[in-house]
Amino acid sequence: MTGGRDAAWRRLAVREALHGRNLAEVQVLDVATGTGDLALALRAAGAAEVTGLDFSAPMLAEAMRKETVAACNRRIIWVEGDAMSLPFPDASFDAVTVAFGLRNMPSYPAALHEMARVLRPAGTLVCLETTPLQLPVLRAIFAWYFDHVVPIVGGLLSGDRDAYRYLPASAVAFPDADSLGEMMLEAGFSRVRYLRLGLGTVALHVAAKPGK
């Protein structure tokens, strides 16, 4: 449904998460990991320790299957848990990533606070997420695509059209890129920046936890 661009977006997210880090020591948490695509990309890029967390046991089972197929010596730690109450001590990770999962959480500010809590000082947050289009004409076209095309394509690929009907509502309700950046600042992050992707339908946010 992204024309294959999601793989390139994940590579950008991985690059930002690992930028300036010692790969032999870096510890990364991928929140709402789903079927593990971003966690697997982080591991493939050389991250020393990757933890993938998701609320859904079936999603994690598929992630573990993908990891087995990938056949790499460095294993990912898979954790079934709640992003609103991360089961990790304070300052546990050098980087936290979340890709197309924040919009499914009941409170965006609370989720961001939790991610900040488990980050070490000077740690990095990378968030890849949909964002409302700015131009009304493009917004209308994209809304039509999401309402009519996505459920059909998703249904053909997965066999479950209803599973993709939530996407339009969740995307429309999600804050725009500027508002999300403000939320990150309010959650205690600094140096927040973002890049629009996918003709403006997706934004990659990068933020830092203050530290030395």
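Residues numbered from 1 in each chain as written. Predicted model: local features only at pLDDT ≥ 70, side-chain atom pairs only at ≥ 80, totals over all residues. Heavy atoms only, no water.

1. A look at the side chain of Arg43
Checked against the element boundaries, Arg43 lands in helix H2 (residues 37-44). Of the residues examined, Arg43 reaches a relative accessible area of 5% and is grouped as buried. If sequence neighbours within four positions are ignored, Arg43 has contacts with Val50, Glu67, Ala70, Cys72, Arg74 and Ile76. (Helix = DSSP H or I, 4+ residues; strand = E, 2+ residues; numbered from the N terminus. Buried < 20%, exposed > 50% of the residue type's maximum accessible area, 1.4 Å probe, protein only. Contact = heavy atoms within 4.5 Å.)

2. Quick look at the packing of aromatic side chains
Taken as a whole and judged by the stated rule, the model has two aromatic pairs. Look at Trp9 and Phe100: their rings are 6.5 Å apart centre to centre, the planes differ by 50°, and that puts the pair in the tilted class. Here Phe100 lies in the loop between strand S4 (93-99) and helix H4 (108-118) and Trp9 lies in helix H1 (residues 5-18), a separation of 91 residues in the sequence. Measuring from ring centre to ring centre gives 5.1 Å for Phe88 and Phe93, while their planes differ by 90°; the resulting arrangement is edge-to-face. Taking the relative accessible area as the measure of exposure, Phe88 reaches 15% and is therefore buried. (Phe/Tyr/Trp six-rings, centres within 6.5 Å; stacked < 30°, edge-to-face > 60°.)

3. Observations regarding the layout of surface pockets
Looking at the second largest pocket, its volume works out to about 240 Å³. Every residue lining the second largest pocket is counted, 14 residues in all, and those nearest its centre are Arg21, Ala122, Thr124, Arg191 and Ala208. Secondary-structure elements contributing two or more residues to the lining of the second largest pocket are strand S5 (119-130), strand S6 (190-197) and strand S7 (202-208). With three residues, S7 is the largest single contributor of residues to the lining of the second largest pocket. Tallied by class, residues from the lining of the second largest pocket come to five nonpolar, three polar and six charged. (1 Å grid on protein atoms, 1.4 Å probe; cavity = no way out; pocket = protein on both sides within 12 Å on 5 of 7 lines; lining within 4 Å. Points joined across faces, edges and corners; volume = space filled by probe spheres on them. Nonpolar A, V, L, I, M, F, W, Y, C, P; charged D, E, K, R; others polar.)

4. Quick look at the environment of Val14
Assignment of secondary structure puts Val14 in helix H1. Spatially, the C-alpha atom of Val14 lies 9.5 Å from that of Ala47, the residues being 33 residues apart in sequence. Dropping the residues within four chain positions of it, Val14 is found in contact with Leu38, Ala41, Leu42 and Ala45.

5. What about the pattern of salt bridges?
For the structure shown, the criterion picks out 10 salt bridges. Salt-bridge contacts for Glu16 lead to Arg15; the nearest nitrogen and oxygen are separated by 3.9 Å. Accessibility expressed as a relative area gives 15% for Glu16, which makes it buried. On the accessibility criterion, Arg15 (54% relative accessible area) is exposed. (Salt bridge = Lys/Arg side-chain N within 4 Å of Asp/Glu carboxyl O.)

6. Regarding unusual backbone geometry
The residue Ala91 is not glycine, and still its phi comes out positive at about 55°. Considering the arrangement of structural elements, one finds Ala91 in the loop between strand S3 (77-80) and S4. Positive phi, close to 55°, is recorded for Phe100, a residue that is not glycine.

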